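Given next are the chains, with one letter for each unit.
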Amino acid sequence: MKIVVRPDGGEAVELVAGMIRHWLEQNPHLVMGLATGRTMEAVYARLVQLHQLAGLDFAQCRTFNLDEYVGLPGHHHNSYRHYMHQHLFGKVNIDPQNTHVPNGMAKDLVAECNNYEEAIIRCGGIDLQLLGIGNNGHLGFNEPISGFNSRTRVQVLSQATRLQNAPLFSAPKEMPRCAITMGVKTILECRQCLLLATGEDKAAIVAQALEGPITSMIPATALQLHTDCLVVLDEAAAGGLKNKDYYHAMFETLPELELCRTIVTNETGPQLPLKTSPEVEPVNK
Ligand code: GLP
């Protein structure tokens, strides 16, 4: 695991979007695992800017979302299909046929989950999995005690998750009790993981997930087992980490973090003209 701490949320988002941009430009057929949640909204907003202003091309990429609420149709404003349309799919040149979000309305939810796993395999597996983290350490909707060998399945949402996400619903009772989620094993099989967490609300769970003992009680600790996992934090979310100096030294030193360093210092030339300001100027295509 590599951990990069950026001074603030905007710069953390800038780095994550820059990494995604790089991988997408390297491989236009990239298979991306996508996450939802408030943290990701800024990442998608930046990707939309990069599409509009720098021609970032989504035409051939494939996407698989981590999860979806059971019982919400895709057009429901709280469904993750709707979230993705609103924040990314509806604003870039992605082929809707290449976007996959579990169908929370499927009559046979077990078959839906199995088909989702098969669809990922048919696409050759996930190249890059974008991840957020729930306040209880969930990944996707893998709630505490999720097995590390788990695959796409229906999960009952925990009280902590219901408390975290209920404000997004017009009334708490409207929030579904269950969701379909990729399993921990499904997530761990991706080639690269990219976890983003920002804000002091995440500091305690981030410290447990990254530096604590591996336990299914905190599903995000499973990422410690992944061989290519990059964690991007802002200072606030990194506030509970014990070894920040060491992570900083890794960032300064490791050859495989060269791309991160380049994005961060903006020494990217005309191919990656990234700005840290939210106001993005038009760039050379
Ligand atoms: C939801 C999603 C998770 C995401 C989490 C974080 O619960 N199912 O995949 O990690 O939200 O949300 P936020 O970014 O709003 O803190």
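Bear in mind that the values here come from a model prediction, so they are computed numbers and not experimental data. (Residues numbered from 1 in each chain as written. Predicted model: local features only at pLDDT ≥ 70, side-chain atom pairs only at ≥ 80, totals over all residues. Heavy atoms only, no water.)

**Re the overall build of the protein**
For the protein, the count of helices and strands is 9 helices and 10 strands. The C-alpha radius of gyration computed for the protein amounts to 18 Å, which stays within 12% of the reference 19 Å derived for 285 residues, consistent with globular compactness. Considered along the principal axes of its C-alpha atoms, the protein spans approximately 50 × 40 × 35 Å. Counting the 285 residues in the protein, one finds 55% classified as buried. (Helix = DSSP H or I, 4+ residues; strand = E, 2+ residues; numbered from the N terminus. Rg over C-alpha atoms; globule rule 2.2 N^0.38 Å. Buried < 20%, exposed > 50% of the residue type's maximum accessible area, 1.4 Å probe, protein only.)

**Comments concerning helix α9 (residues 258-265)**
Burial within α9 is extensive, with 6 of its 8 residues counted as buried. Elements that come into contact with the buried residues of α9 comprise β1 (2-6), α1 (9-26), β10 (229-234) and α8 (244-253). Following α9 by one or two positions, Asn266 has its phi on the positive side, about 65 degrees. (Contact = heavy atoms within 4.5 Å.)

**So, the site of the ligand**
Taken together, the neighbourhood of the ligand is formed by 15 residues, with Arg38, Thr39, Asp67, His138 and Lys202 sitting nearest. Within the contact set of the ligand, a nitrogen atom lies 2.7 Å away from a side-chain nitrogen or oxygen of Asp67. Backbone polar atom of Gly140 to a nitrogen atom of the ligand: 3.2 Å apart, as the coordinates give it. Elements with a minimum of two residues in the shell around the ligand: α2 (38-54) and α5 (159-165). Tallied by class, the residues present in the shell around the ligand amount to 4 nonpolar, 8 polar and 3 charged. (Near = heavy atom within 4 Å. Polar contact = N/O pair within 3.5 Å; in protein donor to acceptor, adjacent residues only side chain to side chain. Nonpolar A, V, L, I, M, F, W, Y, C, P; charged D, E, K, R; others polar.)

**Here's the deal with the side chain of Asn136**
Residue placement: Asn136 occurs in the loop between β6 (128-131) and β7 (153-156). Judged by relative accessible area, which is 13%, Asn136 ranks as buried. A polar contact of 3.5 Å, which involves the side chain of Asn136, links it to the side chain of Thr161. Those residues in contact with Asn136 that lie beyond four places of it in its chain are Glu143, Pro144, Ser158, Ala160, Thr161, Ile205, Met217 and Pro219.

**A short note on unusual backbone geometry**
With phi around 75 degrees, Ile145 is a residue other than glycine that occupies positive phi space. Inspection of the secondary structure puts Ile145 in the loop between β6 and β7. In this structure Ile145 comes out as exposed when scored by relative accessible area, which is 63%.

**Section: the packing of aromatic side chains**
Applying the stated criterion across every chain yields a total of 8 aromatic pairs. Taking the centre distance of 6.3 Å and the plane angle of 80 degrees together, the rings of Tyr44 and Tyr83 count as edge-to-face. In this pair, Tyr44 is assigned in helix α2 and Tyr83 in helix α3 (residues 80-87), connecting sequence segments 39 residues apart. Given the relative accessible area of 0%, Tyr44 is considered buried. Taken together, a centroid distance of 5.4 Å and an interplanar angle of 50 degrees make the contact between Tyr69 and Phe141 tilted. (Phe/Tyr/Trp six-rings, centres within 6.5 Å; stacked < 30°, edge-to-face > 60°.)

**What about the packing of α1 against α9?**
The geometry of α1 relative to α9 is characterised by a closest axis approach of 10 Å and an angle of 120 degrees between their N-to-C directions. By the criterion of interaxial angle, the relationship of α1 to α9 is oblique. Relative to α9, the crossing made by α1 is right-handed. On α9, the residues touching Glu14, Leu15, Gly18, Met19 and His22 of α1 are Leu259, Cys260, Ile263 and Val264. Looking at side-chain class alone, the contact of α1 with α9 contains 6 nonpolar, 2 polar and 1 charged residues. (Axes fitted to C-alpha atoms, helices over the stretch in contact; angles between N-to-C directions. Parallel < 35°, antiparallel > 145°, perpendicular 65-115°, else oblique. Left-handed = near helix turned anticlockwise from the far one by under 90°.)

**Regarding the pattern of salt bridges**
What the rule picks out here adds up to 9 salt bridges. Arg6 is paired through a salt bridge with Glu11; the nearest N and O atoms lie 2.6 Å apart. Lys244 is paired through a salt bridge with Glu235; the nearest N and O atoms lie 3.1 Å apart. One network of salt bridges, in which partners are shared, links Glu117, Arg151 and Glu189. (Salt bridge = Lys/Arg side-chain N within 4 Å of Asp/Glu carboxyl O.)

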